[in-house]
Amino acid sequence: MSIAQNKKAGFDYTIEERFEAGLVLAGWEVKSIRAGQVHLKEAFVIVRGEELWLLNAHITPLATASKHVQPEPTRTRKLLLNAAEIRKLIGKVERAGYSLVPLDLHFTRGRIKLAFGLAKGKRQFEKRKAEQDKDWKRQQGRLLKQSKR
């Protein structure tokens, strides 16, 4: 079940591989995510040392969250992956033009997981071409629907 999606990622990047990772979260963050108070639009994943970190993911604190903790909505959160997967990703990210982009936040067996992709940035003409192809597919669907009537 999807909680939040980064719809802009598919437009700005060509996703080559998808990965799934757990997140290290505080209690108030889990409550806010379950309430749907999360945004991935400006988020990105970086490699620091031998670890992956999620930056700029905005989790809005709930008003009913505990008062003894000062919530920081855009704090850096650690991603949990196998060491072999992390080494594989580090090798691929170090190549020119590749980055790690969060795609969506979802539940897997009651746990909150982040799906992210190994992506290459699209250039402006590639974005226009993708938009034209999408419009053409939509037009084809309409034409086929009309011809069946």
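Relevant structure appears above.
A quick note: this is a predicted structure, and the numbers were derived from the prediction, not measured.

### Brief notes about the pattern of salt bridges
Applying the stated rule across the entire model yields 7 salt bridges. Among the ionic pairs, Lys 88 bridges to Glu 17, the shortest N-O distance being 3.6 Å. One end of the pair, Lys 88, is in helix H3 (residues 83-93); the other, Glu 17, is in strand E2 (residues 13-23), with 71 residues separating them in the sequence. Residue classification places Lys 88 among the partly exposed residues on the basis of a relative accessible area of 41%. One salt bridge connects Glu 29 with Arg 75, and the closest N-O pair in it is separated by 2.8 Å. You can see Glu 29 sitting in helix H2 (residues 27-34) and its partner Arg 75 sitting in the loop between strand E6 (58-59) and strand E7 (77-80), a full 46 residues away along the chain. Connected through salt bridges with shared partners, the residues Glu 17, Lys 88 and Lys 92 form a single ionic network.

### Some points on the packing of aromatic side chains
Under the defined criterion, the tally for this structure stands at 1 aromatic pair. In this structure, Arg 48 packs its charged tip against the face of Trp 53, placed 5.9 Å from the ring centre.

### Regarding H2
Along an α-helix, residues three or four apart share an orientation, since each turn contains 3.6 residues. Turning to H2, its buried residues are Trp 28, Glu 29, Ser 32 and Ile 33. Taken down its axis, H2 places every buried residue within 135° of arc, on the same side. Within H2, the exposed residues directed more than 90 degrees away from the buried face are Lys 31 and Arg 34. Buried residues in H2 make contact with strand E1 (2-5), strand E3 (38-39), E6, E7, strand E8 (98-108) and strand E9 (111-121). Gly 36 sits one or two positions beyond H2 and adopts a positive phi of about 85°.

### Digging into the pairing of E7
Of the two faces of E7, the one holding Arg 77 and Leu 79 is buried and the one holding Lys 78 and Leu 80 is not buried anywhere. Examined bridge by bridge, E2 and E7 share 2 bridges and lie antiparallel to one another. In the strand pairing of E7, Leu 23 is matched with Leu 79. When strand E5 (residues 51-55) meets E7, the two strands line up antiparallel, connected through 3 bridges. Bridge assignment links Trp 53 to a residue of E7, and that residue is Lys 78.

Calculation criteria
Residues numbered from 1 in each chain as written. Predicted model: local features only at pLDDT ≥ 70, side-chain atom pairs only at ≥ 80, totals over all residues. Heavy atoms only, no water. Salt bridge = Lys/Arg side-chain N within 4 Å of Asp/Glu carboxyl O. Helix = DSSP H or I, 4+ residues; strand = E, 2+ residues; numbered from the N terminus. Buried < 20%, exposed > 50% of the residue type's maximum accessible area, 1.4 Å probe, protein only. Phe/Tyr/Trp six-rings, centres within 6.5 Å; stacked < 30°, edge-to-face > 60°. Lys NZ or Arg CZ within 6 Å of the ring centre and 35° of its normal. Arc of directions from axis to C-beta. Contact = heavy atoms within 4.5 Å. Pairing = 2+ DSSP bridges.

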